[in-house]
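# Structural overview for review
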Amino acid sequence: MPIDATRPYDESNIFARILRGELPCSKVYEDEHVLAFNDIRPLAPTHVLVIPKGAYVSWDDFSARGSDEEIAAFVRAVGRIAREQGLVAPGYRLLANIGEAAGQEVPHLHVHIFAGRGLGPMLAG
Ligand code: 5GP
């Protein structure tokens with residue numbers, strides 16, 4: 001069920017629980033501001049989710065309220081993960097769903113990194 005990205009942060013969302021260590025994840029990368037882990041239902045051979053450790057509902061929320069330090073750390077982490085996974089030469093795709101029209105399901109900002117096969121057209125349908 002897509003979420004309303006304008007609602008306040010829900011501390012019980014699944015990624016908040018992963019950040020608190022209440023649920024496991026297959027960790028790919030971690031630093032002071034960022035955690036990245038494999039998607040539980042991968043849609044490509046590489047499907048990594050990158051999340052800020054701060055409580056941000058969406059890209060909209062993060063870009064408005066995130067500190068410059070958090071935003072820089074997040075952007076640099078996405079690039080670093082892709083480089084470390086060897087994705088730059090073959091190519092990869094970043095995706096962030098924001099709110100209902102995009103079908104965002106988890107109300108904590110996440111960027112998807114897809115790679116490992118031809119990824120097809122930019123949008124389905
Ligand atoms: P969205 O549709 O919100 O952009 O993407 C949410 C993503 O989170 C989906 O790709 C879904 O497979 C993934 N996901 C949902 N629950 C879990 C979980 O408990 N662990 C992990 N690793 N991924 C999850």
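The coordinates are above.
Let us look at the structure shown here. Note that the coordinates shown come from a computational prediction; the quantities given were computed from them, not determined experimentally.

For the rest of this paragraph, the subject is the packing of aromatic side chains. Applying the stated criterion across every chain, the model contains three aromatic pairs. Between tyrosine 56 and phenylalanine 62 the ring centres are 4.9 Å apart and the planes differ by 65 degrees, which places this aromatic pair in the edge-to-face class. With relative accessibility at 7%, the residue tyrosine 56 sits in the buried group. Aromatic pair phenylalanine 62 and phenylalanine 74: ring centres 5.4 Å apart, planes at 75 degrees, arrangement edge-to-face. Taken together, the positions of phenylalanine 62 in helix H2 (residues 59-65) and phenylalanine 74 in helix H3 (residues 68-84) put the pair 12 residues apart, joining distant regions of the chain. Here the two residues phenylalanine 62 and phenylalanine 74 agree in accessibility, since each one is buried. Put simply, the rings of Tyr56, Phe62 and Phe74 touch in pairs and so form one group of aromatic residues.

Conventions used here
Residues numbered from 1 in each chain as written. Predicted model: local features only at pLDDT ≥ 70, side-chain atom pairs only at ≥ 80, totals over all residues. Heavy atoms only, no water. Phe/Tyr/Trp six-rings, centres within 6.5 Å; stacked < 30°, edge-to-face > 60°. Buried < 20%, exposed > 50% of the residue type's maximum accessible area, 1.4 Å probe, protein only. Helix = DSSP H or I, 4+ residues; strand = E, 2+ residues; numbered from the N terminus.

Structural measurements only, silent on function.
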